[in-house]
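Examination of the molecular architecture
One letter stands for each residue in the lines below.
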Amino acid sequence: MPEHLPRNPLRYAWEYIKEISGENAYDRYLAVHTATHPDRPPMGRGEFYRQRQDEKYNNPGSRCP
Amino acid sequence: MGNRLGRYAIWIAVALVGAVCWGVLALGRGETVNAAWLLFAALASYAIAYRFYARFIQRRVLETDDNRATPAERLNNGRDFEPMDRRILFGHHFAAIAGAGPLVGPVLAAQMGFLPGTIWIIFGVILAGAVQDMTILFFSMRRNGKTLGQMAREEIGPVGGAAALVAVLAIMVILLAVLALVVVNALADSPWGAFSIAMTLPIALLMGFYLRFLRPGRVLEVSLIGVGLLILALIGGGWISESSAYAEAWTFGGVTIAIALIVYGFVASVLPVWVLLAPRDYLSTFMKIGTIGLLAIGIAVTLPVMQMPRLTEFASSATGGPVAPVGPLFPFVFITIACGALSGFHSLIASGTTPKLIQKESQVRMIGYGAMLMESFVAVMALIAAAVLDPGLYFAMNAPGTVTGGTAESAASAVTGLGFSVSAETLSSTAANVGEESIISRTGGAPTLAVGMSQIFAGATAFLGGLQAFWYHFAIMFEALFILTTVDAGTRVGRFMLQDLAGNLYSPFRNTSWLPGNIITSAVIVGAWGYFLIIGVTDPLGGINQLFPLFGIANQLLAAVALTVATTILIKMGKLRYIWVTLLPLAWDAVVTLTASWYKIFSSEPTIGFFAQRSAAIEAYNAGENYTGASSLAQTQQIITNATVDGILSIIFALAIIIVIADASRVWFGLIRGTKQPEMSEATYEESHLDSEGREIEREPVGAGAGSSGTTPNA
């Protein structure tokens, strides 16, 4: 999560876009994983991403027209 | 306190700006009004509503408690439950609720003049739509993210719950059919549009492959590649439309496009998501946010003048105007503009994904109320885009073929008959400017919005030589893209709901990866909306007119279910004195929806009432004549069938509303009289260990209250 979103508006926008598009989801996972389970090897980027995508669409919410 | 005075001085200034703008909009004497007045009236109203009304609801009615841990914190599993930064969640929630609805409805409602639509979009969102989104979000969050259907069953009872479930499925089917119909109407006989939309398929396949295998998870990268290819496809479409041989090969009739959409919907629902659905989702989200942003910039830069009068004579006519859905201003404007003012669909999102991600209870105001204000602002911009068009052009584009006659000359004289004026040359030259054969009777709202947007964008990019045709197809592409994303995602959601239902009869259905079950349920859902799509496309009277009211009624019906659930929970929380917050919008919504249903069922006017139309068509058929608009007896027969099906659906929807509200009233009176115990299924209280930025906090000194989300109204 962007605890300290930068003050510079351009950098802010860039961080926001990375965050909202899910671009840095894996980096976040990696940070949390190494902090909480340093003993277990983390998933690779591809595996993490595939798992996340399958989960998201197997559990669909709805959307507005 | 000088500080306090300063703070209120700002709000007094905002209120004054809003009042002046509303005054100019409603009472001005001039022929035309600049869109700036509308923009600032909207923004000032939103700001005041967000600061005062939403805060009142948050603090007094819901009593959000930031010391209470949200399900995201308590059940954090790093996947569906996870505390998400409020600004990011706002973006996600907005992207999920923003669809084609707020773009199409205001365009169709503009036939009454811009004022009725404006008033309903702005006051509807403040008093009804945003309230619904925020309260449902809060109640679902207090129940660990239960869905609307589950809440209806638990808080009202099995009858209300079952009616809600049936309503959701039926609405989904009608919604998908209507949206697909909007796309068909925009792409039929348009080689440029058909080519560029068809190209989104290979682009999506490529993106899916790239994202899955080549560079997994590089979402931004692949989205940029996708958008780039999309622009190329748009330019390519322009070449296609100029070369007569290719143009002919890419010109398809409505039925062909409808069948292609049905096949596409089925395939996309059955295939693994990464092949088509997920990459299209990225593409359409990018395009959606980007285009909405562009439209805002375009309007702000050009500040266009609205040509549409405040009120047209159709606003006071008992039979309404020529543009679908036909009917008097009350109640039809209120079911035409659904999203943007009050949309039942949002209650499905507010009670599914979003509540599991909220960090702090008080943030329901920013995310529930705030995102809905932004959606309403999108509707305001769509209304502006339609209102900047010359009214004569607007009516030539939106009146059905039975009125315009289909050619530029007949359309020009029909528009004169409606009390506006446009020359046949203007109609032809406008079509040529946007790279289309004809723009007569391009109903459904999407082409009108695209012409309006292309005028605004061309105005803003005048230094590049305008590029109106490019911008028109850009707008069409953007609308079609995200309608199609709704179609494939909606088919998938419907398939899951059906699999869950069918699982009660035969348990393997519940396993969503069981292929036969997957294929059968996908076929049922696609078959259902495909049926309505085909009858809409082939309808001699123009399918939009038949189906759009059903769509509007169904959406408002779902809002009625949501507001009923919210009212029930408010009573159970002991908030009887604030019950008007949801009860008044519910009452209004019920009156609107039931009146509209009443018109569709009982009106003796064949252009409005389904059964009146049915009897008139039967009479014609028995006399061996063609019904108005039909060119053969078979078409007359078709009108009879369609009117019967649509009429029966209207009855079902009306009954569903009555059942839900009656069942809930029984519960309400029991609760108020004390004969019923207020049992709630709220999750138990646990103390929060996060601050409003999601950081762990020391728990000794309990920090009091909210004070977190008061940043910007985001609207």
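The name an unreviewed UniProt entry gives chain B is Carbon starvation protein A, with uncultured Rubrobacteraceae bacterium as the organism. Among the UniProt annotations of chain B, the heading Subcellular location (unreviewed entry) holds the following wording: "Cell membrane".

**Observations concerning the packing of helix 8 (residues 158-187) of chain B against helix 23 (residues 515-538) of chain B**
All names here are of chain B. Interhelical geometry of helix 8 versus helix 23 gives an angle of 45 degrees and a closest axis separation of 8 Å. The angle between the axes of helix 8 and helix 23 places the two elements in the oblique class. The chirality of how helix 8 crosses helix 23 is right-handed. Residues Leu169, Val173, Ile174, Leu176, Ala177, Ala180, Leu181 and Val184 of helix 8 lie in contact with helix 23, whose contacting residues are Ile525, Ala528, Trp529, Phe532, Leu533, Gly536 and Val537. Residues of the contact of helix 8 with helix 23, tallied by class, amount to 14 nonpolar, one polar and no charged.

**Some remarks on helix 2 (residues 25-36) of chain A**
Residue and element names in this part refer to chain A. Look at helix 2: 16 Å from first C-alpha to last across twelve residues, which is about the 16 Å you get at 1.5 Å a residue. Within the span of helix 2, buried status applies to Ala25, Tyr26, Tyr29 and His33. On an axial view of helix 2, the arc spanned by its buried residues comes to 90 degrees, and they lie on one face.

**Some words on the pattern of salt bridges**
All names here are of chain B. Scanning all chains against the criterion turns up 17 salt bridges over all chains. Across the pair Arg143 and Glu155 runs a salt bridge, and its minimum N-O distance is 2.9 Å. Highlighted residues: Arg143 in the loop between helix 6 (114-142) and helix 7 (148-156) and Glu155 in helix 7, separated in sequence by twelve residues. Just as Arg143 is buried, Glu155 falls in that class too. A salt bridge links Lys146 to Glu154; the nearest nitrogen and oxygen atoms lie 3.2 Å apart. A relative accessible area of 39% means that Glu154 is categorised as partly exposed. Connected through salt bridges with shared partners, the residues Arg68, Arg142, Glu361 and Glu682 form a single ionic network.

**Some details on the packing of helix 1 (residues 9-21) of chain A against helix 4 (residues 86-97) of chain B**
Taken N-terminus to C-terminus, the directions of helix 1 of chain A and helix 4 of chain B make an angle of 60 degrees; their axes are 10 Å apart at the nearest point. Between helix 1 of chain A and helix 4 of chain B, the angle falls in the class oblique. For the element pair helix 1 of chain A and helix 4 of chain B, the recorded crossing hand is right-handed. Residues Tyr12, Tyr16, Glu19 and Ile20 of chain A of helix 1 of chain A touch helix 4 of chain B, and the partners they reach there are Arg87, Ile88, Gly91 and His92 of chain B. Tallied by class, residues from the contact of helix 1 of chain A with helix 4 of chain B come to four nonpolar, two polar and two charged.

**Let's talk about the nonpolar core**
When a protein is soluble and globular, its nonpolar side chains tend to lie buried together. Residues and elements named next belong to chain B. Within the largest apolar cluster, 224 residues are counted, with the highest numbers of intra-cluster contacts made by Tyr46, Tyr369, Ile384, Leu427, Trp529 and Leu533. The element that contributes the greatest number of residues to this core is helix 8, accounting for 21 residues. Here Leu427 is in contact with Leu393, Ala396, Ala408, Ala411, Ala412, Val422, Ile439 and Ile440, once residues within four sequence places are set aside. Ala617, Ala620, Ala630 and Ile640 belong to the second-largest nonpolar core, a separate cluster that totals seven residues.

**Some points on the interface of chain A and chain B**
Many descriptions give the size of an interface as the accessible area lost when the pieces come together. With 33 residues of chain A in contact, the opposing surface of chain B contributes 52 residues. Summing both partners gives a buried area of about 3,500 Å² for chain A against chain B, and 58% of it is carried by carbon and sulfur. Counting every contact that joins chain A to chain B gives one salt bridge. If you look at where chain A meets chain B, you find six residue pairs in polar contact (both at pLDDT 80 or more).

**Focus: the confidence of the model for chain A**
Confidence in the prediction of chain A, expressed as mean pLDDT, is 76, and 80% of residues score 70 or more. When pLDDT is averaged over each element of chain A, helix 1 of chain A comes out on top at 84 and helix 3 (residues 45-58) of chain A at the bottom at 78.

**Focus on unusual backbone geometry**
All names here are of chain B. With an omega of -10 degrees, the peptide bond between Ala324 and Pro325 qualifies as cis. Mapped onto the elements of the fold, Pro325 is located in the loop between strand 2 (305-306) and helix 14 (329-336). Cis peptide bonds are those with omega within 30 degrees of zero, and the linkage from Phe330 to Pro331 qualifies with 10 degrees. If you trace the backbone, Pro331 turns up in helix 14. Although it is not a glycine, Ser441 sits at a positive phi angle of roughly 55 degrees. For Ser441, the location among the structural elements is in the loop between helix 20 (424-433) and helix 21 (446-460). Owing to a relative accessible area of 18%, Ser441 belongs among the buried residues under this scheme.

Calculation notes
- Residues numbered from 1 in each chain as written.
- Chains lettered and ligands numbered in written order.
- Predicted model: local features only at pLDDT ≥ 70, side-chain atom pairs only at ≥ 80, totals over all residues.
- Heavy atoms only, no water.
- UniProt positions renumbered as here; feature names shortened; annotations may be inferred.
- Axes fitted to C-alpha atoms, helices over the stretch in contact; angles between N-to-C directions.
- Helix = DSSP H or I, 4+ residues; strand = E, 2+ residues; numbered from the N terminus.
- Parallel < 35°, antiparallel > 145°, perpendicular 65-115°, else oblique.
- Left-handed = near helix turned anticlockwise from the far one by under 90°.
- Contact = heavy atoms within 4.5 Å.
- Nonpolar A, V, L, I, M, F, W, Y, C, P; charged D, E, K, R; others polar.
- Expected span 1.5 Å × (residues − 1).
- Buried < 20%, exposed > 50% of the residue type's maximum accessible area, 1.4 Å probe, protein only.
- Arc of directions from axis to C-beta.
- Salt bridge = Lys/Arg side-chain N within 4 Å of Asp/Glu carboxyl O.
- Core = buried A, V, L, I, M, F, W, Y, C linked by side-chain atoms within 4.5 Å.
- Buried area = accessible area lost by both parts, 1.4 Å probe.
- Polar contact = N/O pair within 3.5 Å; in protein donor to acceptor, adjacent residues only side chain to side chain.
- pLDDT = per-residue confidence, 0-100.

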